[in-house]
Each structure stands twice: as C-alpha cells, then as structure tokens.
Amino acid sequence: MALELTGPVVAAVLFGAVLHASWNALIKSGRDKQLDTALIHSIGIFFALPLLLYTGLPDRAAWPYIAITTVVHLGYYIALAGAYKHGDLGLTYPVMRGTAPLLVAVASFTFIGEAISLMAWIGVAAVCVGVLTLGLSRNALHMAHGDEARRRTALRFALTNACIIAIYTVVDGLGVRASGNTLAYVVTLFLLDGIPYMALVMWQRGAGRPAALRYMAGRWKIASVGTVASIGSYGIALWAMTRAPVASVAALRETSVLFAALIGTVFLGERFGWQRAAGTLVILVGVMLLRFG
C-alpha cells in the first residue's frame, strides 16, 4: 500500500491533535505536574488491559520496538513533567512539539529510507517555524514562571524532550507497521509504559508518598479523561503512520500546539498576541503543503 497523506488521514490526525493538546493542558492546570503525568499514564493500564483481551498481542516482530519505546517514553514523561514544572504551557509545549517534526523527518529519511517530496519538506519546516513562532512569542516568554534561570531550565527540558519525541516517533512508526494490528500495539504500549514512571515518581517522593496518594485520589476522575485523550491521540497518530509517511504525520500532529494555545488562552489565562497569530498562519500554510505535497 502506497503511503499517502489523504484527506481522511489529515482529518483524523487533526482530531488527535486536539486530544493531545487537551491532556497536556490538564497536566498544566494541575497543582502537581509530575503526579498528574504519572497518574494519567498509569491509569492507562485499566483501559489497555480489557482492550488487549479483545485485540490479542501484536505480532512478535513488533516486540523489540515496544521494548525500546517503553524505555524512551520513560524519559519523555520525566522531561515533560520537568518542562511544565518550570515553564508555561504556552512556552514549553510549542518548543518541544515544534522542533520534533524536523528531527523526525531527518531521522526517518536517514534510518528507514522514507523519503518525502520537496513540498512536504517545506511543509514540515513551515510547521516547525510556525509552532516556534507561536510558542516563542513575547507573550509566551513573558509568561515563563519565575526568573530567567527557570525559563532556561524549562527550555532545556523542552528541547531534550523534542529529541526524545523524535526517537520514539520513528521507533513506533516502525513498530506499528510490524505489529499487524495498530490497536494491539497501542494498548500494549500503554499497558507497559505508565507503571515504571509511576514507580519512579513514588520512589522519589519518599516520606511524601501519603500526601501524593491523597492528591491522586482526588484527581483520578479527571485524570481518566486525560488517559482516554492520550490513548486516542497516540492511537490515531500510529494508525496514520501505517497509511502515510512518518514525517508527514509527525508534523501534522504538532498542529496540536494551536489547540494548546487556545486552551491556554481560554482556560489558563495565557495571552494570545500578534506573534501567536502569525505563527498560526504559518502552521496552516505548512499543513496545506503537507496535504498536497
């Protein structure tokens, strides 16, 4: 089957982008970003297990990819919680999501030989530029919590996570194609990758574990909504990667930054200035180039 970014695939990935921005905003709105991140993904086991009983295990060829991505995702969660601890959603989310697509495009071409057209390359670059323009506007920089040192720390976490995102995107793009069943691959991943991070977080809490448990007891219902959004978002992206080039899907998925900016503005009190508007327009141009490239 030829890999092509068709209209239905574009629509599905854009819906997945809305879901992705939603669960990231949920984490940002919470009092304890690390615990919320751990809770959202550890709850995934309760959704994944029943689904896995229905789908069965993915093909054996996919298991090496699942093992690698489980380890890589642990690093992702650590960097994600660190970024949100030190910086606003409007700063950290666009940086880590906006620099990843170009890294994915280079990696997918270099390591798996997946070429995209010149127009698609321009589209990937446009999405990256638009996301970074939106995220690094004066408003986003101004809203970084605390002093300059904390802003730099937030950016370090975000850029590190961009590299991590690129790694697991390529790994999972290959893994889901080898799995024989997209849903089986996705639910197996969510069954395995949330618990290690929860264990790490609880170990780090030490004497604060009782307080952490009380916090999560009050957050599990809303966290469950985030869990469903996270599973749906990534499931859609991986399904799309079985039908379109990994680089194109990865770039299109990062339109989630538009929805994150809107959520941040409407619900979290973040401002939306002219630079964010300009970034939005560039992203939309990039999406059109991807679609018709």
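So, how was this worked out
- Residues numbered from 1 in each chain as written.
- Predicted model: local features only at pLDDT ≥ 70, side-chain atom pairs only at ≥ 80, totals over all residues.
- Heavy atoms only, no water.
- Helix = DSSP H or I, 4+ residues; strand = E, 2+ residues; numbered from the N terminus.
- Rg over C-alpha atoms; globule rule 2.2 N^0.38 Å.
- Buried < 20%, exposed > 50% of the residue type's maximum accessible area, 1.4 Å probe, protein only.
- Contact = heavy atoms within 4.5 Å.
- Lys, Arg positive; Asp, Glu negative; His and termini not counted.
- Charge placed at Lys NZ, Arg CZ, Asp CG, Glu CD.
- Patch = residues over 30% accessible without salt bridge, like charges linked within 9 Å, V, L, I, M, F, W, Y side chains within 5 Å.
- Areas by Shrake-Rupley, 256 points an atom, 1.4 Å probe, with all protein chains shown as cover.
- Salt bridge = Lys/Arg side-chain N within 4 Å of Asp/Glu carboxyl O.
- Phe/Tyr/Trp six-rings, centres within 6.5 Å; stacked < 30°, edge-to-face > 60°.
- Polar contact = N/O pair within 3.5 Å; in protein donor to acceptor, adjacent residues only side chain to side chain.
- Expected span 1.5 Å × (residues − 1).
- Arc of directions from axis to C-beta.
- Core = buried A, V, L, I, M, F, W, Y, C linked by side-chain atoms within 4.5 Å.
- Axes fitted to C-alpha atoms, helices over the stretch in contact; angles between N-to-C directions.
- Parallel < 35°, antiparallel > 145°, perpendicular 65-115°, else oblique.
- Left-handed = near helix turned anticlockwise from the far one by under 90°.
- Nonpolar A, V, L, I, M, F, W, Y, C, P; charged D, E, K, R; others polar.

Participant: Got a minute to help me understand the overall build of the protein in this structure?
Facilitator: Summing up its helical and strand segments, the protein has 15 helices and zero strands in all. In terms of overall dimensions, the protein is globule-like: its C-alpha atoms have a radius of gyration of 18 Å, near the 19 Å expected for 293 residues. Its C-alpha atoms put the protein at 55 × 50 × 30 Å along the principal axes. Taken across its 293 residues, the protein has 56% of its residues classed as buried. Within the protein, contacts between residues at least 6 apart in sequence are counted, and of these 87% link residues at least 24 apart. Seen as two clouds, the 22 positive and the 12 negative side-chain charges of the protein have centres 7 Å apart.

Participant: Sorry if this is basic, but what is going on with a nonpolar patch on the surface here?
Facilitator: Taken together, the side chains of Phe46, Phe47 and Val228 present a nonpolar region at the surface, about 300 Å² in accessible area. Following the sequence through the fold, Val228 ends up in helix H12 (residues 220–241).

Participant: Help me understand the packing of aromatic side chains in this model?
Facilitator: Pairs of aromatic rings are described using the distance from one ring centre to the other and the angle between the two planes. Overall, the coordinates contain four aromatic pairs when judged by the stated rule. Between the aromatic rings of Tyr76 and Tyr168, the centroid separation amounts to 5.4 Å while the plane-to-plane angle is 85°, which identifies the pairing as edge-to-face. Of this pair, Tyr76 sits in helix H4 (residues 63–86) while Tyr168 sits in helix H9 (residues 148–179), and the two are 92 residues apart along the sequence. In terms of burial, Tyr76 and Tyr168 fall into one category: buried. Between the aromatic rings of Tyr168 and Tyr234, the centroid separation amounts to 5.8 Å while the plane-to-plane angle is 80°, which identifies the pairing as edge-to-face. Remark: Tyr234 occurs in helix H12 and Tyr168 occurs in helix H9; sequence separation between them is 66 residues. Both residues of the pair, Tyr168 and Tyr234, count as buried. Here the aromatic cluster, defined as three or more aromatic residues joined through ring pairs, consists of Tyr76, Tyr77, Tyr168, Tyr197 and Tyr234.

Participant: Is there a simple way to think about the side chain of Asn24 in this case?
Facilitator: Here Asn24 is to be found in helix H1 (residues 7–29). Owing to a relative accessible area of 0%, Asn24 belongs among the buried residues under this scheme. Separated by 2.9 Å, the side chain of Asn24 and the backbone oxygen of His20 make a polar contact.

Participant: Just to check I follow, could you spell out helix H15 (residues 274–292) for this structure?
Facilitator: Count 3.6 residues to each turn of an α-helix, and residues three or four apart come out pointing the same way. Between the first and last C-alpha of H15 there are 28 Å, a value that for 19 residues agrees with the 27 Å anticipated at 1.5 Å per step. For H15, the set of buried residues is Arg276, Gly279, Thr280, Ile283, Gly286, Val287 and Leu290. The buried residues of H15 occupy one face: seen down the axis, they fall within an arc of 125°. In H15, those exposed residues whose orientation departs by more than 90 degrees from the buried face are Trp274, Leu281 and Phe292.

Participant: What is the right way to look at the nonpolar core in this model?
Facilitator: A general feature of soluble globular proteins is that nonpolar side chains tend to end up buried together. Of all hydrophobic cores here, the largest spans 87 residues; its most connected members are Leu5, Tyr76 and Leu290. A total of 10 residues in this core trace back to one element, the largest contributor, which is helix H10 (residues 182–205). In this structure, Leu290 is in contact with Leu5, Ala120, Gly123, Val124, Val127, Ser248, Ala251 and Leu252, ignoring residues within four places of it in sequence.

Participant: How do you make sense of the environment of Ala250 when you look at a structure like this?
Facilitator: Structurally, Ala250 is set in helix H13 (residues 246–253). Separated by 85 residues in the primary sequence, Ala250 and Ile165 place their C-alpha atoms 9.6 Å from one another. Apart from residues no more than four positions distant in its own chain, Ala250 is found in contact with Pro101, Val104 and Thr169.

Participant: Can you help me understand the packing of H9 against H12 in this one?
Facilitator: In helix packing, the relevant descriptors are the interaxial angle and the interaxial distance, both defined with respect to the helix axes. Between H9 and H12, whose axes approach to 9 Å, the crossing angle comes to 65°. Relative to H12, H9 is oriented roughly perpendicular. Both H9 and H12 take part in a crossing whose hand is right-handed. Here Tyr168, Thr169, Asp172, Gly173, Val176 and Arg177 of H9 come into contact with H12, specifically with Tyr234, Leu238 and Met241. When its residues are assigned to classes, the contact of H9 with H12 shows five nonpolar, two polar and two charged.

None of this, on its own, says anything about what the molecule does.
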